[in-house]
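What follows is the residue order along each chain.
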Amino acid sequence: MSAAPFLVVRDLAKHYVSRGKRLNILEGISFEIAKGEVVGLVGESGSGKTTIGRSVLRLVEPSSGSVTFDGTELTTLSAAQMRRTRPRMQYIFQDPFASLSPRMTIGEILTEGLNIQGIGTRKDRLDRARTALEQVDLPAEAVNRYAHEFSGGQRQRIGIARALTLAPEFIVADEPVSALDVSIQAQVINLLRDLQQRLGLTMLFISHDLAVVEYICDRVIVLYLGRIMEIAPSADLYARPQHPYTRALLSAIPSPDPDAQRNRQILKGDIPSPANPPSGCVFRTRCPVALEACAHTVPELREIAPGRFKACIRDDLN
Amino acid sequence: MDKRLEPILDIHGLRTIFRTRGGEITAVNGLDLAVAAGETVALVGESGSGKSVTSLSVMRLLTRNVGSIAAGSIRFKSKDGAVRDLVTLDEEQMRRIRGNEIGMVFQEPMSSLNPVFTVGDQIAEPIRIHRGADRKSAMDVAVALLDQVGIPDARRRAGQYPHELSGGMRQRATIAMALACDPTLLIADEPTTALDVTIQAQILDLLLKLQRERGMGMLFVTHNLGVVAEIAHRVAVMYAGRIVEEGPVAEVFRNPRHPYTLGLLASMPRLGDATRMKQAGEQLAAIPGVVPSLADMPDGCAFSPRCLYAIDACRQAVPPLLAVNAMHRSRCIRWQEVSR
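As the structure is a prediction and not an experimental result, all values here were calculated from the model.

On to the interface of chain A and chain B, then. Taken together, the contacts link 35 residues of chain A with 43 residues of chain B. Elements with a contribution of two residues or more to the side of chain A that touches chain B: helix H6 (182-199), helix H7 (210-216), helix H8 (234-239) and helix H9 (244-252) of chain A. Taken together, the residues that form the side of chain A that touches chain B break down as 21 nonpolar, nine polar and five charged.

This is how it looks when you write it as structure tokens:
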């Protein structure tokens, strides 16, 4: 990791009010991403991973906290200033069926961002769309066709191509392979990793699939109910998870290997509601090693080894 | 599978077709599959492979005038020992089997629960219909079932509506509903797909336990190979409407003999191994191409256009399921050369 981080998120919080109740969707989220680094955001439903991804690009407005991109504070930018920054930051969506307009040709979809930004002539823009299609291994002639003519995997490639036409430096990929069949998933994962390396992209990769995250990410942030539980380089996280939640999450993933050791640790109970989060550590109600003290204070995210952070007061486990 | 056990479900030559605007398509094409008492058989495949259509065919829940069983038999052994072909039964007779002899659990618990009735009422309903129990004793059974499926404070929960329960709780409730009349066969169609991974682990654990305790047969439909390894004794891998490989789970996953199974297993990143692959610069072994459209199937083996082992003979005729050994079969003429 280089010295100056490319993206810095500090104390990000997002609250909603629903029927008079305050929902703390995100609380105290701080992390950094270096240039060229791929950081994974993992967690279950309601962990806040998508809200973080959207807040970083200001597709939702954070309630408080700061997001600095290449030295510029984004949260205070005007709409016009933000629009000028957006070409450098792009988003890949989960659902390739919902994220492409059925009434626009692929060419129109791919050049829309360039039009808005006023980049190039009409011919330049179409050329860039064709190049982007080739980058994702689709034929350049696809510019004249419509989204419904493509399979799920091909549509997701189009979604990736759309993010690439503006030549971004930073991409938020939100569950980009979750809607795809296994055999197609691998094609798209390989493509994303290849593009990331070839173009030197910096990426925030959101997924609930820890195996995919391990394969594609340099570092991983583990979320639970809107808070960070653990941050670690991916190799370390999988070999030596430190937070009890990370351990449980890893052990819950079913393995197709018939010779795998099955020492499954099954967490009891449900993920609590953000309208009524537990006091102290939000994970304590399901934590197999929770103590009395866990109910009293919110554990801070501490650096326990260089580059490794965890939010848990139990240092006596191993 | 213990060969002495007579199957409680025996599907033979099942062909299920759908009428679409573009003409008739065959979603399941000549499927043979048996499930014994106490045995869990997983039907695994990707979108459009025909795995869910197979389970809907067994339950005779295909949308009328759209999908229908064109050929084959589905022999089911009732609790009274009588063996009947479900394909020939009328709707009235099927209704006596569904929810009574065959329990069903689907992917989305919210769509199998009625939002305007309490959870307890919905579990008690089949007990009243099939067993003729009165309201009070049916509700007592419902509460006991909720307790059995691990819902704490079952009496209070029985009085709640589905929206008051979490996703995991709702799926537990639909399992309780499926078990209400002590079925001998449980059909579970992607029952953990909509759930988070820690909740999925809970539900798989519950299904394993219930299946063992009750000695039910279970037909488990899923796209997740990891889930198959956790829950099933035998697996049938489907591709484009046909079983392409079947056998005991450990045997098939350790020693896959069909290029599609091999490809599926290789295309999944494995926890713990992904770091090594990344460092070695290895790519995931993706299967090239896309699943063929059922309306436009290739000649011969449906997998041949994507198969690295394909030769001319593969494009000539659909290969039969060939015996790898007594328990293990592969629909590949080159199965002897296919290995990890």
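All names here are of chain A. Counted at 1.5 Å a residue, the expected span for helix H4 (residues 122-135) with its 14 residues is 20 Å, and the 20 Å between its end C-alpha atoms agrees. Listed as buried for H4 are Arg 125, Arg 128, Ala 129, Arg 130, Ala 132 and Leu 133. Among the structural elements, helix H3 (106-117) and helix H5 (152-164) are those in contact with the buried residues of H4.

Looking now at the UniProt feature "domain: ABC transporter" (unreviewed entry) in chain A. Under the UniProt annotation, the feature "domain: ABC transporter" (unreviewed entry) is placed at residues 7-250 of chain A. Taken end to end, residues 7-250 of chain A comprises 38% helix and 27% strand; its first and last C-alpha atoms sit 28 Å apart.

Residues and elements named next belong to chain B. Ordered in space as E2-E1-E4-E5, the four strands form an open sheet in which the pairing is antiparallel. Two strands bound the open sheet, and with one partner strand each, they are strand E2 (23-36) and strand E5 (83-85). Taking each pair of neighbouring strands and ignoring which way they run, the sheet shows an average axis angle of 5 degrees. Where strand E1 (residues 7-20) lies against E2, 11 bridges are found, and the strand directions are antiparallel.

With that out of the way, let us pick up the domain arrangement of chain B. Domain boundaries in chain B define domain 1 (1-101 + 185-340) and domain 2 (109-182). Top contributing element to the side of domain 1 of chain B that touches domain 2 of chain B by residue count: helix H8 (residues 197-214) of chain B, with five residues.

Residues and elements named next belong to chain A. Close contact between H3 and H4 brings their axes to 9 Å; oriented N to C, the two are set at 120 degrees. Between H3 and H4, the angle falls in the class oblique. For the pair H3 and H4, the crossing hand works out as right-handed. In this structure, H3 contributes Gly 107, Leu 110, Thr 111, Leu 114 and Asn 115 to the contact, and H4 contributes Arg 125, Leu 126, Arg 128, Ala 129 and Ala 132. Of the residues belonging to the contact of H3 with H4, the class tally is five nonpolar, three polar and two charged.

The next point concerns the pairing of strand E9 (residues 219-224) of chain A. Residue and element names in this part refer to chain A. Summarising burial for E9: six of the six residues are buried, a large majority. The two faces of E9 match: Arg 219, Ile 221 and Leu 223 on one face and Val 220, Val 222 and Tyr 224 on the other face are all buried. Both E9 and strand E10 (residues 227-233) contribute to a ladder of six bridges, which runs antiparallel. Residue pairing across strands places Val 222 opposite Glu 230, the latter belonging to E10. Joining the antiparallel neighbours E9 and E10 is a turn of two residues, in which Leu 225 adopts a positive phi near 45 degrees.

Rules used in this analysis
Residues numbered from 1 in each chain as written. Chains lettered and ligands numbered in written order. Predicted model: local features only at pLDDT ≥ 70, side-chain atom pairs only at ≥ 80, totals over all residues. Contact = placed C-beta atoms within 7 Å. Helix = DSSP H or I, 4+ residues; strand = E, 2+ residues; numbered from the N terminus. Nonpolar A, V, L, I, M, F, W, Y, C, P; charged D, E, K, R; others polar. Expected span 1.5 Å × (residues − 1). Buried ≥ 20, exposed ≤ 12 C-beta atoms within 10 Å, placed from the backbone. UniProt positions renumbered as here; feature names shortened; annotations may be inferred. Pairing = 2+ DSSP bridges. Axes fitted to C-alpha atoms, helices over the stretch in contact; angles between N-to-C directions. Domains from an automatic or database assignment. Parallel < 35°, antiparallel > 145°, perpendicular 65-115°, else oblique. Left-handed = near helix turned anticlockwise from the far one by under 90°.

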